[in-house]
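So you can see what is in the structure, the chains are spelled out below.
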Amino acid sequence: MYDTIRPIIWHEGTLQLLDQRLLPQQVIYNSYTSAEAVATAISEMVVRGAPAIGITAAYGVVLATQQALQGHVADWRQAVAKAIALLAKARPTAVNLAWALAEMEPLVSKVKEHHALEKLLARAVAIHQQDIADNHTMGELGTALIAQGGGANPVGVLTHCNAGALATGGYGTALGVIRSAFAAGKIHQVYADETRPWLQGARLTAWELLQDKIPVTLIAEGAAARLMHQQRVTWVVVGADRIAANGDVANKVGTSGVAIIARHYGVKVMVVAPTSTIDMHTTNGSGIPIEERPASELLDFHGETVAAAGCGAWNPVFDVTPASLIDAIVTEKGVVEQPSYAKLAALMRR
Ligand code: MRU
């Protein structure tokens, strides 16, 4: 139930990616047969969202192997290693990309050539399927928290960007919790931040919730304080691109502003992410690389310049929410309330 969207499909030796740049106007899958084209698809936002780009990169390694073996490349392992290095550079912030490649890499060096394609594909499929299963687990865990805060009546929640089926293998992290909580009768209304400049909220979150008939209302980013002042929401539910060892969370730019407003109005903040998003090697949020994308993404809209001619723009596309503003991090291994290094380290040992 409420689980109908699959942005990534492996089909007979090709990778099919739902082109998220075209949603919601067009629902089109592009077909990929090389790791180079997959790396470009990640950089250019055909596929986006931390777990989704990790899964896509894993299939990119399969494509590189397939191409090298079919082309009888003498040193196929070296060719695949080059592809892995290229995929790793596609986007810097989401640690799931490096995580998925680190899952694939040892297999490339160890596996016998005649089993290589079969074994690497099996690993990529397992990463993909596990992600969907983990999202369902997090959906249940996050739903239990909403019941704690909301009493008997269904509540409103606010989400930022798109941490849904489209950003994962399926079902979603933040939107997985929202799907599960809606199914359980604990949510009556979802508010989605439009999320400038790519409009992930307006185009993607709104589209995917409407596919599943979950009521969604769009707000401009700047309306969050008004929304909370009117007590329309009790929780902010978001995903993450990377969680540092102390619980600081990098997510779509604007998330930290929402969390600051939420603390002011007594609204709780839930971050939903698989443990593959937790980076215990990065001590705190200031060590997380924050992607900066072209100024044209802000200055132009649909190919037309909308800003005043000659105006410059700064376009960091993620920000860091301090752990102190987060009430709960929900993972497939369990929930960490008031996150800290000690609590996350214990979670990762489970
Ligand atoms: O630039 P994007 O669209 O890839 O940013 C995505 C986000 O910030 C998501 O909130 C995050 O990756 C979590 S996805 C489950």
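Residues numbered from 1 in each chain as written. Predicted model: local features only at pLDDT ≥ 70, side-chain atom pairs only at ≥ 80, totals over all residues. Heavy atoms only, no water.

Participant: Even after reading the chapter, I still don't get the overall build of the protein chain, so can you show me in this structure?
Facilitator: Secondary structure summary: the protein chain contains eleven helices and 16 strands in total. For the C-alpha atoms alone, the extent of the protein chain along its principal axes is close to 65 × 55 × 40 Å. When burial is assessed residue by residue, the protein chain has 55% of its 350 residues classed as buried. Counting contacts in the protein chain only where the partners sit at least 6 residues apart, residues at least 24 apart contribute 76% of the total. Summed over its atoms, the accessible surface of the protein chain is roughly 14400 Å², and 55% of this surface lies on carbon and sulfur atoms. (Helix = DSSP H or I, 4+ residues; strand = E, 2+ residues; numbered from the N terminus. Buried < 20%, exposed > 50% of the residue type's maximum accessible area, 1.4 Å probe, protein only. Contact = heavy atoms within 4.5 Å. Areas by Shrake-Rupley, 256 points an atom, 1.4 Å probe, with all protein chains shown as cover.)

Participant: Teacher, can you tell me more about the site of the ligand here?
Facilitator: Taken together, 19 residues surround the ligand, and among them Arg48, Arg91, Asp241, Asn251 and Lys252 come closest. Within the contact set of the ligand, an oxygen atom lies 2.8 Å away from a side-chain nitrogen or oxygen of Arg91. Interatomic distance of 2.7 Å between a side-chain N/O atom of Asn251 and an oxygen atom of the ligand. Protein contact buries 99% of the 420 Å² of open area that the ligand shows by itself. Secondary-structure elements contributing two or more residues to the shell around the ligand are α2 (50-70) and β9 (249-252). Split into classes, the residues belonging to the shell around the ligand amount to eight nonpolar, seven polar and four charged. Inspection of the shell around the ligand shows a minimum of three residues originating in each of domain 1 (8-131) and domain 2 (139-349). (Near = heavy atom within 4 Å. Polar contact = N/O pair within 3.5 Å; in protein donor to acceptor, adjacent residues only side chain to side chain. Nonpolar A, V, L, I, M, F, W, Y, C, P; charged D, E, K, R; others polar. Domains from an automatic or database assignment.)

Participant: How do you make sense of helix α3 (residues 76-88) when you look at a structure like this?
Facilitator: Residues three or four positions apart in an α-helix share a direction because the helix packs 3.6 residues into each turn. Counted at 1.5 Å a residue, the expected span for α3 with its 13 residues is 18 Å, and the 18 Å between its end C-alpha atoms agrees. By the burial criterion, the buried members of α3 are Trp76, Val80, Ala83, Ile84 and Leu87. Summarising the axial view, the buried residues of α3 lie within an arc of 105°, below the 170-degree limit, and thus occupy one face. Seen from the buried face of α3, the exposed residues on the opposite side, beyond 90 degrees, are Gln78 and Lys82. (Expected span 1.5 Å × (residues − 1). Arc of directions from axis to C-beta.)

Participant: Even after reading the chapter, I still don't get the pairing of strand β4 (residues 155-159), so can you show me in this structure?
Facilitator: Consecutive side chains along a regular strand alternate between the two faces of the sheet. Within β4, five of the five residues are buried, which leaves it mostly tucked inside the rest of the structure. Of the two faces of β4, the one holding Val155, Val157 and Thr159 and the one holding Gly156 and Leu158 are both buried throughout. Where β4 meets strand β5 (residues 187-193), five bridges bridge the pair, whose relative direction is parallel. Looking at β5, one finds that Val157 is bridged to Val190. Chirality of the crossover, the property in question, places the unit of β4, helix α6 (residues 174-183) and β5 among those that are right-handed. (Pairing = 2+ DSSP bridges. Right-handed = clockwise from strand over helix to strand, strands pointing away.)

Participant: Honestly, the sheet that holds strand β3 (residues 29-32) in this entry has me stumped. Any pointers?
Facilitator: The strands that make up a sheet are held in pairs by hydrogen bonds between backbone atoms, and each pair lies either parallel or antiparallel. Within the open sheet, the three strands sit side by side as β1-β2-β3. Their pairing is antiparallel. Edge positions in the sheet fall to β1 (8-11) and β3, since each has one partner strand and no second. Neighbour-to-neighbour, the strand axes of this sheet turn through a mean angle of 25°, independent of strand direction. The pairing of β1 with strand β2 (residues 14-18) spans four bridges and is classified as antiparallel. Residue pairing in the sheet places Ile8 in a bridge with Leu17 of β2. Seen against the sheet, α2 touches β1, β2 and β3 and runs at an angle of roughly 20° to β1. (Axes fitted to C-alpha atoms, helices over the stretch in contact; angles between N-to-C directions.)

Participant: When you look at the packing of helix α1 (residues 35-43) against α2 in this model, what are you seeing that I'm missing?
Facilitator: Relative orientation and spacing of two packed helices are given, respectively, by the angle between their axes and the distance between those axes. Direction vectors running N to C along α1 and α2 enclose 160°, while the axes themselves pass 8 Å from each other. Relative to α2, the element α1 lies roughly antiparallel. As α1 runs across α2, the sense of the crossing is left-handed. For the pair formed by α1 and α2, the contact residues are Ala35, Glu36, Val38 and Ile42 on the first element and Ile53, Thr56, Ala57, Gly60, Leu63, Ala64 and Gln67 on the second. Across the contact of α1 with α2, the residue classes tally to seven nonpolar, three polar and one charged. (Parallel < 35°, antiparallel > 145°, perpendicular 65-115°, else oblique. Left-handed = near helix turned anticlockwise from the far one by under 90°.)

Participant: What is the right way to read unusual backbone geometry from this model?
Facilitator: In the segment running from Leu23 into Pro24, the intervening peptide bond is cis, with an omega of 0°. Here Pro24 shows up in the loop between β2 and β3. Cis geometry is found at the peptide bond from Arg196 to Pro197, where omega equals -5°. Looking at the secondary structure, you find Pro197 in the loop between β5 and α7 (200-211). Of note in the backbone geometry, His72 takes a positive phi value of approximately 50° without being a glycine. Inspection of the secondary structure assignment puts His72 in the loop between α2 and α3. You can call His72 exposed: its relative accessible area is 72%. The phi dihedral of Gln231 falls on the positive side, at around 55°, and the residue is not glycine. Note that Gln231 resides in the loop between α8 (224-229) and β7 (235-238). Among the residues examined, Gln231 registers a relative accessible area of 71% and is labelled exposed.

Participant: Even after reading the chapter, I still don't get helix α4 (residues 95-110), so can you show me in this structure?
Facilitator: When the terminal C-alpha atoms of α4 are compared, their 24 Å separation across 16 residues agrees well with the 22 Å that a helix rising 1.5 Å per residue should span. Within α4, the full set of buried residues consists of Val95, Asn96, Leu97, Ala100, Leu101, Met104 and Val108.

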